[in-house]
Amino acid sequence: MNNSYKNDLTEIRQKVKQLLVSNLGQLEMLDPAEIKDDVALFGEGLGLDSLDALEIVVLLQKHFNIEIKDMNEGREVFATVDSLSRFIQMNASKDEN
Amino acid sequence: MKIYVTGLGLISAAGEDEKETLASFESGRRRAGLVSLFSTQIQSPAYEVKYFSRHHYSKILRTLNLCLAATEDALNDASLMEEIKGKRIGVAMGTTVGSVLNDIDFYREFRDKGSAPMDSVNLYLEGNLSSGIHAFLETEGPSITVVNACASGANAIGVAMSWLRTGLCDIAIAGGADELNKVPFCGFGSLGILSDSLCSPFDLNRKGLNLGEGAGVLLLESEQSMERRKKKPRAIIRGYDFSNDAHHLTSPDPSGAGLERAITGALIDANLKPDAISFINAHGTATIDNDLVEARILHNLFGSTTPFLSTKGYTGHTLAAAGALEAGFCILALEQGWIPGCAGFKKLDPDIPIAPVAQNTQIEGHFALSTSMGFGGCDAALVIEFPE
Amino acid sequence: MKPVFIEGIGIISTRGRGLNKFEQALKEGWVEPTVSADGRKAYRVPKDALIDYNILKKVKRSDRFSRLTVFAACDAIHNSGLDIADLDKSSIGIIVATAFGPHATIFKVLEDIIDYGEKKVSPTTFAHSIHNAAASYVASALGCTGPVMTTTQFYFSFQQALLLASSWLNEGRLKKVLVGIVDECSPAMEYICEEKLSVAQNGKMSPLSCLKQPKFVPGEGSAFFLVSHDSKKKKYGAFTEIEITGDSHGWSDVDLSIIGTNAMGGSEEVYKDVLNEGIPVAAYSSIYGGFMTGNAFECVAAALMLKNQTQYASANVDGAESWNVVEKSKKRELNQIQCISHNNKRQLAFIKMMK
């Protein structure tokens, strides 16, 4: 991952949306472009649940080499596409898988 | 209709027989350690059946091997081993690992080369538990392998009860078996419910479950069959029911309604009120969600005076074997008059309204309840009676 | 056995979703199997059979195996004329029988372990790789809180499940049971079939030839029956007898025998023990392929024939000896039909059905 990509939040957001739609069955009927950056991923928003949260943990490992060790940390990070993307931007250090 | 237990076979990390199991319960011995059956990077203690030596059934899946050994013990206990051949009996066995073709090397080779040796496929095709037991014993009769995740063992006992009650057979072998296997080890890891230390059911600091392995087998008979054989029962399965949460693939319904239905149904089936229950062997896996939901329902139904425990601290979570092993542990406890302390439990979680027994505890009365819960929203309950 | 009446049926086969499509397939007879990208022949369920937003919104995230299960189960309820909203949800039991379970999803878990390592297995995929995930989706889609059970045998899965359903009804545990089967194809399983069995390169299975080394074409699909003891709710006749292994040679008072193809069961010579010049015999498995739980499809065919009082021509009569083979489709009085299947130990199982 080069620096320009690493810093480009817009690009990370797009990638996050694509990853969510293609890996979370709950969202399979959505077009990634339909997902707003600030919509809540869980509960009232997109309706994701605890199993999806675990899936996001593994997606972060697989695609960004980021490990979430504490799910309490995950709770805030996984709030929206935007919060998730900012977290990735801050933590992505190694090459993508 | 009462169903009688005339034989038991119990194999787990707590012990390969009843004596060894009771010794573990008595001393609080917890035989968990690093996984030795396969290589793994996942750090979580496992309860292996370490010194399992009865491998005289060669070239079969470990799960079926454990199941056959426990079946043999149950048949010997019931004095039936010598006369079972050619008889019509029912076999209902629960499993998770024994039902899947999950050989990593086979799949890797198939994917990379387009072909792979059939050895593991052949083992799998010969590994169906109930068919395998019928084949080994040369018996015929109803045969079902229950794959209801972690409630399978209890559900298999329920299936055999249905057969006996409706006259499809008058002797049935029922229970469950699972080996410690890499694939569910990774899977449970990915679900974030494996603890990196010894499991602590119902404890404030519980961090998840430890996997185990084993087999629990009960020899069940109708009253007529038992009388014909002039055999005394070790226990009576008085009641059984099961229900589904219809809620979530992996999480229990937070309301616990399904478990409550199963327990209430089993008590109705047994024609007993909750206060008749001497103690409860809870599913108690030591995951955050399971223990919270389960303890709340036990509190709702039984108040705070009925002693309860989880035996997972002695065996790990043996998946489909759990319900059957724990039904067997209930029988041992009723016979002995005491239950072991809930190994791993130290400090009560303020969100959990009742505490399990921390020490070995005397029990009075004749009735035990055993609960099982599994992925897919499965809830099952068995009421077990110690005969007068 | 107390008659177990059929209130509704749902089926998904290589010819699509629904009883009408299956009936049409019985009328049309044999067609070429589908061919996969890697050139393997199999009777696979087409993609469009598993698209239905009304059901999918209830089972988001489900894998293909679960969808095969849920669609056929929901269809059996609809077919009975019941509305899902009106079901007495605690008095219906569900039994899903399968030989191989969601093995394609299990292989995906293995793929994660191989490609990404032990700590990066998708939890969602793992959750779906457990055999009872599909039944759990059925319970959720229907809101059923009664007993839900998944069972697995390689041989006679459907017969054993039906026997359990009958026990549950006899015990008075439940008023109705939704009992059915599901099995799926996958590249790895088709490869295994190729290694273990002799695949019919011309795409034609011929169980009526009772060969020692029969040729197969793998199949897949799902079928569910909503059953009860309530004769007034009967829509497709009833299951009246089940004989599994033992010494039974079936029944001589039936109007038709249907034999199945129990892929992996090997030799079909054992059918010779029960076929003769008397009772008309038919086989339809060459329409939907051979799979271990496929005997439920023969029961669907029998139920349709009993309802319509019409016999359908046997799908492939190649190699039949002097049996009384049903060669033509025609209206005919049919009171009882038996469906016969075999295992790998030269044993037979029979299901008897009544008008």
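Residues numbered from 1 in each chain as written. Chains lettered and ligands numbered in written order. Predicted model: local features only at pLDDT ≥ 70, side-chain atom pairs only at ≥ 80, totals over all residues.

(A) Here's a closer look at the overall build of chain A. Helices and strands together make up the secondary structure of chain A, namely 5 helices and 0 strands. Start at the N end of chain A and walk to the C end: the helices and strands fall as α-α-α-α-α. For chain A, with 97 residues in total, the buried portion stands at 32%. Residue pairs in contact within chain A that sit at least 24 positions apart in sequence constitute 64% of those at least 6 positions apart. (Helix = DSSP H or I, 4+ residues; strand = E, 2+ residues; numbered from the N terminus. Buried ≥ 20, exposed ≤ 12 C-beta atoms within 10 Å, placed from the backbone. Contact = placed C-beta atoms within 7 Å.)

(B) Seen up close, the environment of C:Val96. Residues and elements named next belong to chain C. Mapped onto the elements of the fold, Val96 is located in strand β5 (residues 92–98). With 32 C-beta atoms counted inside 10 Å, the residue Val96 sits in the buried group. When residues no more than four places from it in sequence are discounted, the contact partners of Val96 are Thr69, Ala134, Ala135, Val138, Thr150, Gly180 and Val182.

(C) Examining the interface of chain B and chain C more closely. Contact residues are listed per partner, giving 52 residues for chain B and 50 residues for chain C. Those elements that place two or more of their residues in the side of chain B that touches chain C are α3 (104–113), α4 (119–125), α5 (129–137), β4 (143–146), α6 (152–165), α7 (182–190), β8 (235–244) and α9 (257–270) of chain B. Looking at the side of chain B that touches chain C residue by residue, the class counts come to 25 nonpolar, 23 polar and 4 charged. (Nonpolar A, V, L, I, M, F, W, Y, C, P; charged D, E, K, R; others polar.)

(D) Summary view of unusual backbone geometry. All names here are of chain B. Backbone geometry places Ala246, a non-glycine residue, at a positive phi of 50 degrees. The residue Ala246 is located in the loop between β8 and α9 in this model. Even without glycine at this site, Ala286 takes up a positive phi of about 80 degrees. Mapped onto the secondary structure, Ala286 falls in the loop between β9 (277–281) and α10 (288–302).

(E) Layout of the pairing of β8(B). All names here are of chain B. Most of β8 sits out of view: 10 of its 10 residues are buried. Where strand β1 (residues 3–12) and β8 come together, 3 bridges link them in antiparallel fashion. The partner of Tyr4 across the bridge, within β8, is Ile236. (Pairing = 2+ DSSP bridges.)

(F) Structural view of the interface of chain B and chain A. Each partner contributes residues to the interface: chain B has 6 residues there, and chain A has 5 residues. Looking at the side of chain B that touches chain A, its residues break down into 2 nonpolar, 4 polar and no charged.

(G) Summary view of helix α4 (residues 103–116) of chain C. The end-to-end C-alpha separation of α4(C) is 20 Å, in line with the 20 Å expected for 14 residues at 1.5 Å each. Listing the buried residues of α4(C) in full gives C:His103, C:Thr105, C:Ile106, C:Phe107, C:Lys108, C:Val109, C:Leu110, C:Asp112 and C:Ile113. On its buried face, α4(C) sits against α3 and α7 of chain B together with α3 (64–79), α5 (123–128) and α8 (187–196) of chain C. Directly after α4(C), the chain includes C:Gly117, whose backbone phi takes a positive value near 100 degrees. (Expected span 1.5 Å × (residues − 1).)

(H) Up close: α7(B). In terms of residue burial, α7(B) counts as a mostly covered element, since 9 of its 9 residues are buried. Within α7(B), the full set of buried residues consists of B:Lys182, B:Val183, B:Pro184, B:Phe185, B:Cys186, B:Gly187, B:Phe188, B:Gly189 and B:Ser190. Buried residues in α7(B) make contact with α3 (50–64) of chain A, α3 and β6 (211–212) of chain B together with α4 and α5 of chain C. Trailing α7(B) by a residue or two, B:Gly192 shows a phi angle of about 70 degrees, which is positive.

(I) Summary view of the nonpolar core. Within the largest apolar cluster, 284 residues are counted, with the highest numbers of intra-cluster contacts made by B:Ile157 and B:Ala172. Those residues within four positions of B:Ile157 in sequence are excluded, and the remaining contacts are B:Ala174, B:Gly175, B:Leu218, B:Ile237, B:Tyr240, B:Ala324, B:Ala327 and B:Leu382. (Core = buried A, V, L, I, M, F, W, Y, C linked by C-beta atoms within 7 Å.)

(J) Here's a closer look at the pairing of strand β17 (residues 348–354) of chain C. Residue and element names in this part refer to chain C. For β17, the tally of buried residues reaches 6 of 7 residues, placing the bulk of the element in the interior. For strand β11 (residues 238–244) and β17, the ladder comprises 6 bridges, and the chain directions are antiparallel. Of the residues in β17, the one forming a bridge with Ile244 is Ala349. Here strand β16 (residues 336–342) runs beside β17; their pairing, made up of 7 bridges, is antiparallel. Bridging across to β17, Gln338 finds its partner in Lys352. What sits between the antiparallel neighbours β16 and β17 is a turn of 5 residues, in which Arg346 has the positive phi angle 60 degrees.

(K) Highlighting the confidence of the model for chain A. Averaged over every residue, the pLDDT of chain A is 86; residues scoring 70 or more account for 88%. At the low end of the mean pLDDT range in chain A sits helix α1 (residues 3–7) of chain A, at 51; at the high end sits helix α2 (residues 9–23) of chain A, at 94. (pLDDT = per-residue confidence, 0-100.)

(L) Structural context of the environment of B:Val49. All names here are of chain B. Note that Val49 resides in the loop between β2 (46–47) and α2 (62–77). Given 26 C-beta atoms within 10 Å, Val49 falls into the buried group. Put simply, Val49 and Leu61 are 12 residues apart on the chain and 14 Å apart in space, counted from C-alpha to C-alpha. Filtering out sequence-adjacent residues up to four positions away, Val49 remains in contact with Ile11, Ser12, Ala13, Glu16, Leu66, Glu213 and Gly214.

(M) Up close: the environment of B:Leu309. Residue and element names in this part refer to chain B. Mapped onto the fold, Leu309 is located in strand β10 (residues 308–309). Separated by 32 residues in the primary sequence, Leu309 and Gly341 place their C-alpha atoms 6.9 Å from one another. Each residue touching Leu309, except ones within four places of it in the same chain, is listed here: Asn281, Ala282, Ile339, Pro340, Gly341, Cys342, Pro356 and Val357.

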